[in-house]
Amino acid sequence: VVEPHAPALAAFAGRVRHVAGPDAIPQGFAPAAVILATKPQEAPAALPPLARFAGPGTVVLSIMAGRSVAGMRALLGGAAAVVRAMPNTPAAVRQGFTVAFAGPGVTAAQRALCGRLLGAVGESAWVEEEGHLDAVTAGSGGGAAYVFLLAEVLEQAALAEGLPPELARRMARATVAGSGALLAASAEDAAQLRRNVTSPKGTTERALAVLMREEAWPALMREAIAAATARSRELAG
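Residues numbered from 1 in each chain as written. Predicted model: local features only at pLDDT ≥ 70, side-chain atom pairs only at ≥ 80, totals over all residues. Heavy atoms only, no water.

(A) The arrangement of the overall build of the protein chain in detail. A tally of regular secondary structure across the protein chain gives nine helices and five strands. Each helix (α) and strand (β) of the protein chain, taken in turn from the N terminus, gives the series β-α-β-α-β-β-α-β-α-α-α-α-α-α. Dimensions of the protein chain along its principal axes, counting C-alpha atoms only, are 70 × 40 × 30 Å. The proportion of buried residues among the 237 residues of the protein chain is 30%. When contacts within the protein chain are restricted to residue pairs at least 6 apart in sequence, long-range pairs at least 24 apart make up 55% of them. As displayed, the protein chain offers around 14400 Å² of accessible surface, 62% of which is attributable to carbon and sulfur atoms. Distance from the positive charge centre (21 side chains) to the negative charge centre (19 side chains) of the protein chain: 5 Å. (Helix = DSSP H or I, 4+ residues; strand = E, 2+ residues; numbered from the N terminus. Buried < 20%, exposed > 50% of the residue type's maximum accessible area, 1.4 Å probe, protein only. Contact = heavy atoms within 4.5 Å. Areas by Shrake-Rupley, 256 points an atom, 1.4 Å probe, with all protein chains shown as cover. Lys, Arg positive; Asp, Glu negative; His and termini not counted. Charge placed at Lys NZ, Arg CZ, Asp CG, Glu CD.)

Right, dumping it as structure tokens:
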């Protein structure tokens, strides 16, 4: 692990070898894969020193948002075999969803290796058009933040109706987490699960009549995903 920030090294202590920079890696080291897990804004400085490892037999697996395969290859010397992937933060508990794209020169064996690496932290899928990753970044990469926002505003709404703070927080977190678990375990799609909860002329139906107005959640989510997709394209340059 190459990690220049000393406080972050504590996470790797005693488990893997780590160095502060690529210059400390012995000459002749030929990894099967190089995983790029840095901020996309840091790529121009972070990638060129790694070019010596991006030779034949090595695949470069990037989880940087926005950075294109062509842009990364240029920083790595032009001939690197690059797989661009977009995970999300539930990968921290092995419940992530990652979508990947294989650039020029990536072999079937390298693609399989990347699939195994990404599969260690959740589900993974592949796209054949790199442009699709911009929408993936907006929908899945940032999707956890939207779900966390739902828990946040649900808690705030419960507080506004007079519930005690501790109960409001527990209720919001458990409802969002439990609903996600039910969705994952069910063979029914999300729309049907929503209908299952919605009794005719009941309280949920009244709430959904507000949330599902055309100018409410449907329009806001389309606008949000479009804005994030556009930003992903800007980052790709």
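(B) Examining the packing of aromatic side chains more closely. Taken as a whole and judged by the stated rule, the model has one aromatic pair. Considering the side-chain rings of Phe29 and Phe53, the 6.2 Å spacing of their centres and the 75° angle between planes classify their relative orientation as edge-to-face. Taken together, the positions of Phe29 in the segment before β1 (33-36) and Phe53 in the loop between α1 (43-46) and β2 (59-62) put the pair 24 residues apart, joining distant regions of the chain. Between the NZ or CZ atom of Arg111 and the centre of the ring of Trp126, over which it lies, the distance is 4.3 Å. (Phe/Tyr/Trp six-rings, centres within 6.5 Å; stacked < 30°, edge-to-face > 60°. Lys NZ or Arg CZ within 6 Å of the ring centre and 35° of its normal.)

(C) Highlighting the nonpolar core. Membership of the largest hydrophobic core comes to 21 residues, with the highest contact counts inside it found for Leu36, Leu47, Val60, Leu76 and Val82. Looking at this core, the elements that each hand over two or more residues are β1, α2 (69-75), β3 (81-86), β4 (96-102) and α4 (132-141). Each residue touching Val82, except ones within four places of it in the same chain, is listed here: Val60, Val69, Met72, Arg73, Leu76, Phe101, Ala102, Gly103 and Val106. Val59, Ala85, Leu113 and Leu118 belong to the second largest nonpolar core, which has ten residues in total. (Core = buried A, V, L, I, M, F, W, Y, C linked by side-chain atoms within 4.5 Å.)

(D) Here's a closer look at the sheet that holds β2. Spatial ordering of the open sheet is given by β1-β2-β3-β4-β5, a layout of five strands whose pairing is mixed. Pairing within the sheet leaves two strands with one partner each, and these edge strands are β1 and β5 (122-126). When strand polarity is set aside, the average angle formed by the axes of neighbouring strands in this sheet is 25°. Sheet analysis places β1 next to β2, joined by four bridges and oriented parallel. Bridged to Ala33 within β2 is Val59. (Pairing = 2+ DSSP bridges. Axes fitted to C-alpha atoms, helices over the stretch in contact; angles between N-to-C directions.)

Nothing here speaks to function; it is geometry throughout.
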